[in-house]
Amino acid sequence: MEKRDLTPCDLRSDTVTQPTAAMREAGLRAPVGDDVFGDDPTVNALQVRLAGDLGFDAGLFVPSGTMSNLLALMAHCERGDEYLVGADAHTYKYEGGGAAVLGSVQPQPIPHAADGTLPLDALAAAIKPEGDPHFARTRLLALENTWHGRPLPLPYLADAGAFARAHGLGYHLDGARLFNAATACGVPAREIARHFDSVSVCLSKGLGAPVGSVLLGSAALIAKARRWRKVLGGGWRQAGILAAMGQYALDHHVGRLADDHRRAGELAAALRAIPALQVDGAHTNLVFVTVPEGTQQALAEHLRARGIVIAAGRGPRIRLATHLDIDEDGIDRTIAAFRGFFR
Ligand SMILES: *Cc1c(COP(=O)(O)O)cnc(C)c1O
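Because the structure is a prediction, the values reported are computed rather than measured.

This part is about the site of the ligand. Taken together, Ser-64, Gly-65, Thr-66, Asn-69, His-90, Glu-95, Glu-144, Asp-174, Ala-176, Arg-177, Cys-202 and Lys-205 form the complete shell of residues around the ligand. Between the ligand and Asp-174 there is a distance of 2.6 Å, counted from a nitrogen atom to a side-chain nitrogen or oxygen. At 3.0 Å from an oxygen atom of the ligand is found a side-chain nitrogen or oxygen belonging to Arg-177. Coverage of the ligand by the protein chains reaches 83% of its 380 Å² of free accessible surface. In this structure, the ligand is accommodated by the largest pocket.

Here the protein chain is partitioned into domain 1 (9-15 + 256-342) and domain 2 (31-252). One C-alpha centre belongs to domain 1, the other to domain 2, and the line joining them spans 29 Å. Contact residues are listed per partner, giving 14 residues for domain 1 and 16 residues for domain 2. Carbon and sulfur atoms supply 56% of the area that domain 1 and domain 2 bury against each other, a total of about 1200 Å² over both sides. The interface formed by domain 1 and domain 2 holds one salt bridge in total. Of the charged contacts in the structure, one is a salt bridge between Arg-177 and Asp-14, with a shortest N-O distance of 2.8 Å. The element best represented in the side of domain 1 that touches domain 2 is helix 13 (residues 257-272), accounting for three residues.

Quick notes on the rules
- Residues numbered from 1 in each chain as written.
- Predicted model: local features only at pLDDT ≥ 70, side-chain atom pairs only at ≥ 80, totals over all residues.
- Heavy atoms only, no water.
- Near = heavy atom within 4 Å.
- Polar contact = N/O pair within 3.5 Å; in protein donor to acceptor, adjacent residues only side chain to side chain.
- Areas by Shrake-Rupley, 256 points an atom, 1.4 Å probe, with all protein chains shown as cover.
- 1 Å grid on protein atoms, 1.4 Å probe; cavity = no way out; pocket = protein on both sides within 12 Å on 5 of 7 lines; lining within 4 Å.
- Sits in = over half its atoms within 2 Å of the grid points.
- Domains from an automatic or database assignment.
- Contact = heavy atoms within 4.5 Å.
- Buried area = accessible area lost by both parts, 1.4 Å probe.
- Salt bridge = Lys/Arg side-chain N within 4 Å of Asp/Glu carboxyl O.
- Helix = DSSP H or I, 4+ residues; strand = E, 2+ residues; numbered from the N terminus.

What follows is the structure, given as structure tokens:
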């Protein structure tokens, strides 16, 4: 009982996880060096390992997914170029406009289809005519997988890749939750990553590491990204302590993502049985719940009093994320608390 009070069931995000004791231990033991000099053996090992796993030449360990995506955009595009991106994509909507602000790269947002894909005809229509000085130069197609917790269909990734090549565009994946997508599709992550020229993977989401993302790509692209990382102030020193925790996450926390997905499914199924709620998602670890208007705050308080934390007041839908620190008991308590509130 006491432990429940100390560690509330926090469903706001899969970023709220505490590093496990074994993960912290791995960080403490790690040999380190100055990563700006390329000297940190643990950072280097993480980069080589993930590049190998996902089928790329090289990787770059960086502080956040936002930086990883920005470095990719700045490595693929020059000043005055543009990238095609989902109108609801993280790299467009939730990264502070960084590509435009810091990269002088213009986004061309494209409305998503219901399954999160960007229709190829809409992409084709958005590509600017070559050689006409009125236009930015269209250089890159950026996708996101999972998108709102939904894995993009594998055949679409191949089709969009062929499209990008046919139009001379680079092809970037914001794979913040790449391993969730792979788990849901029942394929190795490499089977998704192989379509792309670059992939950004977050270690601090479902994988449960405290800090860090890795950008994967060709040696030339990663060399460019490394320079921009330094320019942006992301050149860090003995980062191997963090890289070791990321390695630990890759070794021990990929297989268990299926548990998060199963629990999200259980949560969604139980909440669907409550008539007042509209429940979507649960393709992976994210469940979206629409509650009757005006009830979000009261619901959040009701749950908070029972040791359950949700992010209310951020729009019509509440996102519930399952993760490393949500067990069966947490799911059961959440279901009981929702039932109690809507009784
Ligand atoms: C969290 C997230 C990012 C950015 O990662 P940070 O480490 O929070 O900067 C990028 N894309 C998607 C889809 C994300 O969910």
